[in-house]
Amino acid sequence: MTSIGTGYDLSNSVFSPDGRNFQVEYAVKAVENGGTAIGIRCKDGVVLAVEKIISSKLLKPGANKRIATVDRHVGIVSAGLVPDGRHFVSRARDEASSWRATYKGPIPTSALANRLGGYVQAYTLYSSVRPFGVTSIVGGWDSEAELAVDGQVGSGPKSGAGGKVDGAKAGGPGLYMIEPSGLYWGYYGAATGKGRQAAKAELEKLDLSSGKLSLLEGVKEAARIIYVAHEDSKDKEFELEMSWISSLDGPTKGRHEEVPKDILEEAEKAARRALDEDEEEEDKGAGEQMEE
Amino acid sequence: MDHFPGTWGRPRNDVYGAYDPSYLQSTGPKTHTTSPAVTGTSVVGVKFNGGVALATDNLASYGSLARFTDTKRLRVFGDQAVVGFGGDVSDMQYLDRLLESIDIRENYSSHGNMLNAKNLHTYLAKVFYKRRSEFNPLWNHVLVAGFDGEGKPFLSSADLLGTTFSAPHLATGFGAHLAVPILRRLFPEEKPIEEISREEAVDALKQCLKVLFYRDARSLDKYSIAVITKEGIDLKEDEQLEGQSWAFAERIKGYGAQTV
Amino acid sequence: MTSLMDHQARETVGYSFSESTAGVKQHGFYPYTDNGGSTLGITGSDFAILAGDTRSTSGYNINSRMVPKVFKIGGDDETGEGANIILSVVGFAADGTALKERLDTVVKMYKYQHGKPMSVSACAQRLSTILYQKRFFPYYVHAILAGLDEEGKGALYSYDPVGSYEREQCRAAGAAASLIMPFLDNQVNFKNQYIPGSGEGHALVAKKPEPLPLETVKGLVRDAFTSAVERHIEVGDNLQMVIITKAGIEEVYHPLKKD
């Protein structure tokens, strides 16, 4: 950060001579301190998970949710400044509802990510505002079935004009990550926050691009990855919050919901077990080294 | 030469009288719906032991034209309430979308949708009343069925003026004339709703729809029926009144007694 | 030809179509309806009664046999517990409900802001204001407000739809008002009742009205309604009686004819 003190970091939307927007970079710093959040795009759904650091023993367990629902089929989890995340979600809900008002149907996950990307980006353009202190993961399931238009009362023509093409494929899982700059990409697996490096390393091992991982496996992996990512800040207690969106024939029927308690607990148990096994191996390795 | 471009190409005043410029006005008093366009007819509902049953036919009429014959006029809200719509179909669609947006918002909190049928009815009645007070009515008469805050079966009516009332059995439109007397005879006031079974309720509704099919010219023998119980909503939207036929009408001459 | 001539004479224009599209478009929508029913209020020295039938009608149809018209105003909860004012509304039921809810809110707010319940006289004036504020799109209802005044006497105020009001001993409103009111004039205010043998012609001494005991008044209310039911098709089903005394508010229902 050799450019600090040159003045180019004092106002938003101002470029430094080497083409950087320092306010955005500082926002990224805020994100890097936040609890780890991840998303996994599975073949039959999407999982979102977040490591919620318990900042006070007076906080009620299970309350103060960090993953939010947008419309019915999208979930958003953010790392960074929590209030910024809330505002971001509020905007996402407005976008989803205005989409519905216009198109009489749910917003596709890609379109929502695009609009949110545009929204976040706008906060890098003006000196009167600061960029978002969050990186957000947007996961959704676009219905694979022919959807009725909102308020539809009939079934329309069975043949001729308006008749439907058989076997046309539509919908599926969507996972996007939006950064303080407004930059967003679609991902197979996304991670942000403090433990993102470790989480990303784990996500890469999953071979997500082959599209074989099932949603239930995804839930287990997500839990494990959050536990792995927590290893570096072991001194702090945390709570795991997880949500999922399945295909229409899956457990959530295309809706974004909290992962049910029993499945969550089972996944956490498996995660702890996997971690213990890793530790044992490491201990063994370390012991051998010691003997040398 | 006429030097007023505004009058060029117009009928001559000395022949046709002064031009009435109000024809050209693109602005004017703001106009609203003053009559419905595509309409649904009756909605019928009965309370029974442990729930409520609601039925409509599947017809949407355009005046006297049977315009759409697969119209679903029972709309589900959450998992414990159904609204049966009579009247303007586009206003019904507007309200359906309005209710859907409420349901989406309600589900943002983790405890889910907390609005029961009674709350929903209060809300709809206030929407109707507000719109009638703005002289921009939503041209519907609805029945709301489900459960109240104490978990008891709930059935109530609201119309385009914001008028509300509740009773063990209700019907809108033509059904108010034809179905209500049938229901009042089948389930007299002395008979508590705890003594009415689900089957009795459903049969009664079918009976009402049958009578309506023959006596309401804007009705159909295809219908939808919803049964709301604590177990959930059983909604069937493509039902057919069995064995009904208007074929006998071919043979009717004069006022009925005539044979030749 | 004659008709054409007539036309020209009137319009001074030559073309055959005379209907002008100018002017305000006529609305086919009428924002009111009459839901029938009747209400009645009588006061005594230490009580007030408001009563109404529970029938709701539209045209010749009975919407429901159980739609109460008398409400507790400014209570602490949904049941109206803790209220010291009652209101009856009859006419257009949707306006009645809206009016009741507005007044209820106003009286509640008064209590929150001033830390004491609103007096009946203050509430009466406020109700008049609410009605008059909608002078050009009125609440189409006849309202009667009742409670106990500062001296503990029964207080009753009756209103027209645009807020004109006065305190009275008794008042009937709604569909059967014209049937009940003369009965009340005679039985409560002793109109046309004279002391026997007090004189001839103009020398006859009128019987002086005085507050009636509660049981007598209850009897009058029931008689008034059973009679009204016989003669008016929009009145019937059940009689709702709400009695306000210093002990609180009592609400009772009696069956009426359902034909």
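Residues numbered from 1 in each chain as written. Chains lettered and ligands numbered in written order. Predicted model: local features only at pLDDT ≥ 70, side-chain atom pairs only at ≥ 80, totals over all residues. Heavy atoms only, no water.

In the annotation of an unreviewed UniProt entry, the entry for chain C reads Proteasome subunit beta type-6, and the organism field reads Penicillium cataractarum. Check the Subcellular location (unreviewed entry) section of the UniProt entry for chain C; it says "Nucleus". (UniProt positions renumbered as here; feature names shortened; annotations may be inferred.)

Per an unreviewed UniProt entry, chain B carries the name Proteasome subunit beta and comes from Penicillium cataractarum. UniProt's Function (unreviewed entry) comment on chain B is quoted here verbatim: "Non-catalytic component of the proteasome."

Asker: Explain the overall build of chain C to me, please; I cannot follow it from the model alone.
Answerer: The number of helices and strands found in chain C is 5 helices and 12 strands. Across the 259 residues of chain C, 46% fall into the buried class. Contacts in chain C between residues at least 24 apart in sequence constitute 60% of all its contacts with a sequence separation of at least 6. (Helix = DSSP H or I, 4+ residues; strand = E, 2+ residues; numbered from the N terminus. Buried < 20%, exposed > 50% of the residue type's maximum accessible area, 1.4 Å probe, protein only. Contact = heavy atoms within 4.5 Å.)

Asker: Help me understand the pattern of salt bridges in this model?
Answerer: Side chains that differ in charge, positive against negative, can pair when their charged atoms come close. Overall, the coordinates contain 40 salt bridges over all chains when judged by the stated rule. Across the pair R132(B) and D95(C) runs a salt bridge whose closest N-O atoms are separated by 3.0 Å. Placement of R132(B) in helix 3 (residues 117–133) and of D95(C) in helix 2 (residues 93–114) is noted, with the two residues assigned to different chains. Grouping residues by exposure puts R132(B) and D95(C) together as buried. (Salt bridge = Lys/Arg side-chain N within 4 Å of Asp/Glu carboxyl O.)

Asker: Where do I start with a negative patch on the surface in this structure?
Answerer: Residue and element names in this part refer to chain A. Residues D276, E277, D278, E280, E281, E282 and D283 make up a contiguous surface patch of negative charge. Take E281: it is sitting in helix 6 (residues 261–291). Under the relative-accessibility criterion, E281 is labelled exposed at 57%. (Patch = residues over 30% accessible without salt bridge, like charges linked within 9 Å, V, L, I, M, F, W, Y side chains within 5 Å. Areas by Shrake-Rupley, 256 points an atom, 1.4 Å probe, with all protein chains shown as cover. Lys, Arg positive; Asp, Glu negative; His and termini not counted. Charge placed at Lys NZ, Arg CZ, Asp CG, Glu CD.)

Asker: Got a minute to help me understand the nonpolar core in this structure?
Answerer: Inside soluble globular proteins, nonpolar side chains tend to come together where they are buried. Ranked by size, the top nonpolar core spans 33 residues in total, and within it L87(C), L99(C), L103(C), L127(C), Y139(C), L145(C) and Y159(C) carry the most contacts. Contributions of two or more residues to this core are made by strand 5 (70–73), strand 6 (85–91), helix 2, helix 3 (120–133), strand 7 (141–148) and strand 8 (154–159) of chain C. Excluding its chain neighbours within four sequence positions, the residues that come into contact with Y139(C) are Y129(B), D95(C), A98(C), L99(C), R102(C), I130(C), L131(C), K134(C) and P161(C). I38(A), L206(A), A223(A) and V259(A) belong to the second largest nonpolar core, which has 29 residues in total. (Core = buried A, V, L, I, M, F, W, Y, C linked by side-chain atoms within 4.5 Å.)

Asker: Help me out: how do you make sense of helix 4 (residues 177–187) of chain C in this one?
Answerer: Every α-helical turn comprises 3.6 residues, leaving residues that sit three or four positions apart pointing alike. All names here are of chain C. Those residues of helix 4 not exposed but buried are A177, I180, M181 and L184. Buried residues in helix 4, looked at end-on, bunch into an arc of 100°, giving them a common side. Where helix 4 is buried, its residues meet strand 1 (38–43), strand 10 (170–174) and helix 5 (214–231). (Arc of directions from axis to C-beta.)

Asker: What is the right way to read empty space enclosed by the protein from this model?
Answerer: Residues and elements named next belong to chain B. In the structure shown here, the tally under the stated rule is 1 cavity of 30 Å³ or more. The calculated volume of the largest cavity comes to roughly 40 Å³. Around the largest cavity, the lining residues are T41, S42, D57, L209, L212, D216 and S219. Broken down by class, the residue content of the lining of the largest cavity amounts to 2 nonpolar, 3 polar and 2 charged. (1 Å grid on protein atoms, 1.4 Å probe; cavity = no way out; pocket = protein on both sides within 12 Å on 5 of 7 lines; lining within 4 Å. Points joined across faces, edges and corners; volume = space filled by probe spheres on them. Nonpolar A, V, L, I, M, F, W, Y, C, P; charged D, E, K, R; others polar.)

Asker: How do you make sense of the layout of surface pockets when you look at a structure like this?
Answerer: In this approach, a probe sized like a water molecule rolls over the atoms, and the result shows the empty space that is left. Volume-wise, the second largest pocket comes out at about 1,100 Å³. In terms of lining residues, the second largest pocket is bounded by 31 residues, among which R72(A), L147(A), A148(A), D150(A) and E100(B) are the most central. For the lining of the second largest pocket, the secondary structure elements donating two or more residues are strand 5 (134–142) of chain A together with strand 6 (74–77) and helix 2 (89–106) of chain B. Residue contributions to the lining of the second largest pocket peak at 4 residues, all from helix 2 of chain B.

Asker: Even after reading the chapter, I still don't get the interface of chain A and chain B, so can you show me in this structure?
Answerer: Note on interface size: it is often stated as the accessible area lost on association of the parts. Listed by partner, the interface residues are 15 residues for chain A and 14 residues for chain B. Both faces combined, the contact of chain A with chain B buries some 1,300 Å², and carbon together with sulfur accounts for 46% of it. The largest per-residue losses of area from chain A upon contact with chain B belong to R72(A), G151(A) and V153(A), which jointly make up 43% of the total buried on that side. Applying the counting criterion to the chain A and chain B interface returns 3 salt bridges. The closest approach of N and O atoms between R72(A) and E100(B), which form a salt bridge, is 2.9 Å. Where chain A packs against chain B, one counts 9 residue pairs in polar contact (both at pLDDT 80 or more). Every element with two or more residues in the side of chain A that touches chain B is listed here: strand 3 (67–70) and helix 2 (82–103) of chain A. Each residue belonging to the side of chain A that touches chain B can be placed in one class, and the counts come to 2 nonpolar, 6 polar and 7 charged. (Buried area = accessible area lost by both parts, 1.4 Å probe. Polar contact = N/O pair within 3.5 Å; in protein donor to acceptor, adjacent residues only side chain to side chain.)

Asker: Where do I start with the environment of V43(B) in this structure?
Answerer: Residue and element names in this part refer to chain B. Its location among the elements puts V43 in strand 2 (residues 43–48). V43 sits in the buried class, given a relative accessible area of 0%. Note: C-alpha distance between V43 and S219 (176 residues apart in sequence) is 11 Å. Excluding anything up to four places from it in sequence, V43 contacts L54, A55, T56, R73, G84, F85, G86, H141, L143, L170, A171 and T172.

Asker: Looking at this model, I keep getting lost on unusual backbone geometry. Mind explaining?
Answerer: A negative phi angle characterises most non-glycine residues, just as the trans form characterises most peptide bonds. All names here are of chain A. Of note, the phi angle at S13 is positive, near 75°, even though the residue is not glycine. Structurally, S13 can be placed in the segment before helix 1 (22–32). Residue S13 is classed as partly exposed on the basis of its relative accessible area of 28%. Within the chain, K104 stands out as a residue other than glycine whose phi angle is a positive 55°. In this fold, K104 is placed in the loop between helix 2 and helix 3 (109–122).

Asker: Just checking my understanding: could you explain the confidence of the model for chain C for this structure?
Answerer: Low-pLDDT stretches of the model should not have their predicted coordinates read in fine detail. Taken as a whole, chain C shows an average pLDDT of 91; of its residues, 90% reach a score of 70 or greater. In this model residues 23–27 of chain C is a low-confidence stretch, pLDDT under 50, and it forms 5 contacts with partners more than four residues away in sequence or in other chains. (pLDDT = per-residue confidence, 0-100.)

Asker: In this structure, what is going on with helix 1 of chain A? I would like to understand it.
Answerer: Buried within helix 1 of chain A are the following residues: F22(A), Q23(A), V24(A), A27(A) and V31(A). Its buried side turned inward, helix 1 of chain A meets strand 4 (74–80), strand 5 and strand 8 (189–192) of chain A.

Asker: Even after reading the chapter, I still don't get the arrangement of the chains, so can you show me in this structure?
Answerer: The assembly contains 2 pairs of chains in contact; the pair sharing the most contacts is chains B and C. Separated without contact, chain A and chain C have their nearest C-alpha atoms at a distance of 25 Å.

Asker: Would you mind going over the pairing of strand 8 (residues 140–147) of chain B with me for this structure?
Answerer: Taken residue by residue, a regular strand's side chains alternate between the two faces of the sheet. All names here are of chain B. Burial within strand 8 is extensive, with 8 of its 8 residues counted as buried. With 7 bridges joining them, strand 7 (residues 81–88) and strand 8 adopt antiparallel strand pairing. In the sheet register, G84 faces strand 8, and the bridge partner there is L143. In this sheet, strand 9 (residues 153–159) lies alongside strand 8 in antiparallel orientation, the contact comprising 7 bridges. By the bridge assignment, V144 is partnered in strand 9 with S156. Here strand 8 folds back onto strand 9 in antiparallel fashion, the turn holding 5 residues, of which G151 has a positive phi close to 80°. (Pairing = 2+ DSSP bridges.)

Asker: Quick question: what am I supposed to make of a nonpolar patch on the surface here?
Answerer: Residue and element names in this part refer to chain B. On the surface, a nonpolar cluster with roughly 290 Å² of combined accessible area is contributed by W246, F248 and I252. Residue placement: W246 occurs in the segment after strand 13 (232–240). Judged by its relative accessible area of 40%, W246 falls in the partly exposed class.

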